[in-house]
Amino acid sequence: MVLQSLLRWGSDQQKSELLPELASGRKLGAICFTEPNAGSDLEGIKTTFVEVGDMIEVSGSKKWITCGAIADVFIVFGRLGDKPVAILIDKDTPGIKINPAPEMLGFRAAHLANIQLNGCMVHKDNLFGHPGTAFRFMAPYALDWGRLSVTWACVGMLRACVEETAEFVLRRESFGHALIEHGSVRSLFTELAIQYDAALLLTLQATRLKDAQVAHASNDILTAKYFSSRAIAGQAATAVQLFGARGCEETGPVARFYRDAKIMEIIEGSTQISEILLAKRYAIRHNNTKKREIETMGQN
Ligand SMILES: Cc1cc2nc3c(=O)[nH]c(=O)nc-3n(C[C@H](O)[C@H](O)[C@H](O)COP(=O)(O)OP(=O)(O)OC[C@H]3O[C@@H](n4cnc5c(N)ncnc54)[C@H](O)[C@@H]3O)c2cc1C
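From a predicted model like this one, the values you see are computed outputs, not experimental measurements.

Rules of the game
- Residues numbered from 1 in each chain as written.
- Predicted model: local features only at pLDDT ≥ 70, side-chain atom pairs only at ≥ 80, totals over all residues.
- Domains from an automatic or database assignment.
- Contact = placed C-beta atoms within 7 Å.
- Helix = DSSP H or I, 4+ residues; strand = E, 2+ residues; numbered from the N terminus.
- Nonpolar A, V, L, I, M, F, W, Y, C, P; charged D, E, K, R; others polar.
- Buried ≥ 20, exposed ≤ 12 C-beta atoms within 10 Å, placed from the backbone.
- Arc of directions from axis to C-beta.
- Pairing = 2+ DSSP bridges.
- Near = placed C-beta within 6 Å.
- Expected span 1.5 Å × (residues − 1).
- Axes fitted to C-alpha atoms, helices over the stretch in contact; angles between N-to-C directions.
- Parallel < 35°, antiparallel > 145°, perpendicular 65-115°, else oblique.
- Left-handed = near helix turned anticlockwise from the far one by under 90°.
- Core = buried A, V, L, I, M, F, W, Y, C linked by C-beta atoms within 7 Å.

Trainee: Explain the domain arrangement of the protein chain to me, please; I cannot follow it from the model alone.
Mentor: Often, the extent of an interface is quoted as the loss of accessible area upon association of its parts. Each domain of the protein chain was delimited in the assignment, giving domain 1 (2-132) and domain 2 (135-299). With centres defined by C-alpha atoms, the gap from domain 1 to domain 2 works out at 30 Å. Counting residues at the interface gives 17 residues for domain 1 and 12 residues for domain 2. Elements represented by at least two residues in the side of domain 1 that touches domain 2 include exactly α1 (2-9) and β5 (83-90). When its residues are assigned to classes, the side of domain 1 that touches domain 2 shows 10 nonpolar, 5 polar and 2 charged.

Structure, rendered in structure tokens:
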């Protein structure tokens, strides 16, 4: 999200200073939207930017920032007067306080941090993109990339669940038969396998459209993320169920997916927020399809 945002919105100076460092992995970036009182509601962000000569004073509080505990540079969203803006802030800027977040249900390798910005003085050259466009263009652009990575993570977890479970239901016996011979096991396993296939197809389609820079790719990315995150949230539970007690062992083959899966329904636009965004878009799309069919019938 940080690299792609920098490529799209960064100034020449920002790109030449940061892109080689980030692309090579010598530096890590993190992106900061969420605040204690603004998660889904991006426009509720309260972090303030105040101009002081050539500098911008940044004050606010950011929460649950992925890689926040190990990042070298942060893209921070806030407001300059009434303008939504973003700025690049180095981790060593005086006034920044980085506190590792309490351990989460899953996603434990993500080095989450809560970040306090106490009057950090940052040069104006670090302002990122065009002032005023941060919520309308920059955040959605970054979220597209975040959602793509989340939907692929869900596909990866679904694949792991289906492969681990396939081997187990074929090998493990109960009542004198392999588990796959029992009707209710077949029903659970079929659903798991098909949810994986469907998530993979939606995610491939969204990725191809994004690669081709098709205008409505965002819609397909959100659709894929919505479907895949719900699929893994349900199907990781199925995998645990089919493994029985082995599925509940912390070091077992599927317990980690069960913990990680729920998080996928919350990050980069929760299931409910996705429904708010998608319902209207689908209603308009299908209404237009119907209108076109009626028009075509009229012409014929
Ligand atoms: C592992 C992890 C990593 C994260 N990484 C980052 C990061 O790198 N950068 C960053 O900025 N943030 C990050 N976040 C924060 C994440 O973006 C927010 O948690 C998310 O936006 C939801 O905000 P919230 O948790 O404040 O929930 P809220 O917005 O308070 O929502 C709470 C519940 O209410 C529902 N809800 C809210 N509004 C509505 C509505 N209008 N209609 C119906 N339902 C609604 C939500 O779906 C949710 O179920 C991360 C979170 C986690 C768990």
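Once you've had a look at it, read on.
Trainee: Looking at this structure, I do not really get α1. What am I missing?
Mentor: Since the α-helix turns once every 3.6 residues, residues separated by three or four places project in the same direction. Those residues of α1 that fall on the buried side of the exposure criterion are Val2, Ser5, Leu6 and Trp9. Down the axis of α1, the buried side of the element spans an arc of 100 degrees, and every buried residue falls inside it. Buried-residue contacts for α1 involve α2 (12-24), β1 (29-32), β4 (73-80), β8 (127-128) and α3 (134-171).

Trainee: I tried to follow the pairing of strand β6 (residues 96-100) on my own but got confused; where do I start?
Mentor: Within a regular beta strand, the side chains point alternately toward one face of the sheet and then the other, so they alternate between its two faces. The element β6 is barely covered by neighbouring structure, given that only 0 of its 5 residues are classed as buried. In this structure, β6 lies alongside strand β7 (residues 113-123), joined through 5 bridges in antiparallel fashion. Of the residues in β7, the one forming a bridge with Ile98 is Ile115.

Trainee: Explanation requested: the site of the ligand in the structure shown.
Mentor: Close to the ligand lie 21 residues; Gly39, Ser40, Thr66, Ser270 and Gln272 are nearest. Mapped by element, the contributors of at least two residues to the shell around the ligand are β1, β3 (55-65) and α8 (271-299). Tallied by class, residues from the shell around the ligand come to 15 nonpolar, 6 polar and no charged. When residues of the shell around the ligand are assigned to domains, at least three map to each of domain 1 (2-132) and domain 2 (135-299).

Trainee: Sorry, what's going on with helix α4 (residues 183-211) here?
Mentor: For α4, which comprises 29 residues, the first-to-last C-alpha distance of 42 Å matches the rise-based estimate of 42 Å (1.5 Å per residue) to within 8%. Here α4 has its buried residues at Leu188, Phe189, Leu192, Gln195, Tyr196, Ala199, Leu200, Leu202, Thr203 and Ala206. For α4, the secondary structure elements touched by its buried residues are α3 and α5 (217-243). Where α4 terminates, the next one or two residues include Gln213, which has phi positive at roughly 55 degrees.

Trainee: What am I meant to see in the packing of α5 against helix α7 (residues 255-264) here?
Mentor: Any two packed helices are characterised by the angle at which their axes cross and by the distance between the axes. At a closest axis distance of 8 Å, the pairing of α5 and α7 adopts a crossing angle of 155 degrees. Comparing their axes, α7 and α5 come out roughly antiparallel. Of the two elements, α5 crosses α7, and the hand of that crossing is left-handed. Residues Ser229, Ile232, Ala233, Ala236, Ala237, Ala239 and Val240 of α5 touch α7, and the partners they reach there are Ala255, Phe257, Tyr258, Ala261, Lys262 and Met264. Looking at side-chain class alone, the contact of α5 with α7 contains 11 nonpolar, 1 polar and 1 charged residues.

Trainee: Whenever I open this one, the environment of Arg108 confuses me. Can you help?
Mentor: The residue Arg108 is located in the loop between β6 and β7 in this model. Sequence separation between Arg108 and Thr151 is 43 residues; the distance between their C-alpha atoms is 18 Å.

Trainee: Help me understand the nonpolar core, please; the structure alone is not making it clear to me.
Mentor: Nonpolar side chains in soluble globular proteins tend to end up buried together. Formed by 39 residues in total, the largest nonpolar core has its most connected members in Cys32, Val58, Phe74, Ile75, Val76, Ala86 and Ile87. When residues no more than four places from it in sequence are discounted, the contact partners of Val76 are Cys32, Thr47, Val58, Lys62, Ala86, Ile87, Ile89 and Leu117. If you look at the next biggest cluster of nonpolar residues, it comprises 38 residues, including Leu158, Phe227, Tyr258 and Met264.

Trainee: Please explain the packing of α3 against α4 as it appears in this structure.
Mentor: Axis separation between α3 and α4 bottoms out at 9 Å; the angle between their running directions is 150 degrees. For the element pair α3 / α4, the angle class is roughly antiparallel. The two elements α3 and α4 meet at a crossing, and its hand is left-handed. Along the contact surface, α3 presents Leu148, Thr151, Trp152, Cys154, Val155, Leu158, Arg159, Cys161, Val162, Thr165 and Val169, while α4 presents Val185, Phe189, Leu192, Ala193, Gln195, Tyr196, Ala199, Leu200, Thr203, Ala206, Thr207 and Lys210. Class assignment of the residues belonging to the contact of α3 with α4 gives a composition of 16 nonpolar, 5 polar and 2 charged.

Trainee: Is there a simple way to think about the pairing of β5 in this case?
Mentor: Burial analysis of β5 places 6 of its 8 residues in the buried class, which makes it a mostly covered element. Connecting the antiparallel pair β4 and β5 is a turn made up of 2 residues, with Gly81 showing a positive phi of about 60 degrees. Across 2 bridges, the pairing between β5 and β8 is antiparallel. Looking at β8, one finds that Ala86 is bridged to Phe128.

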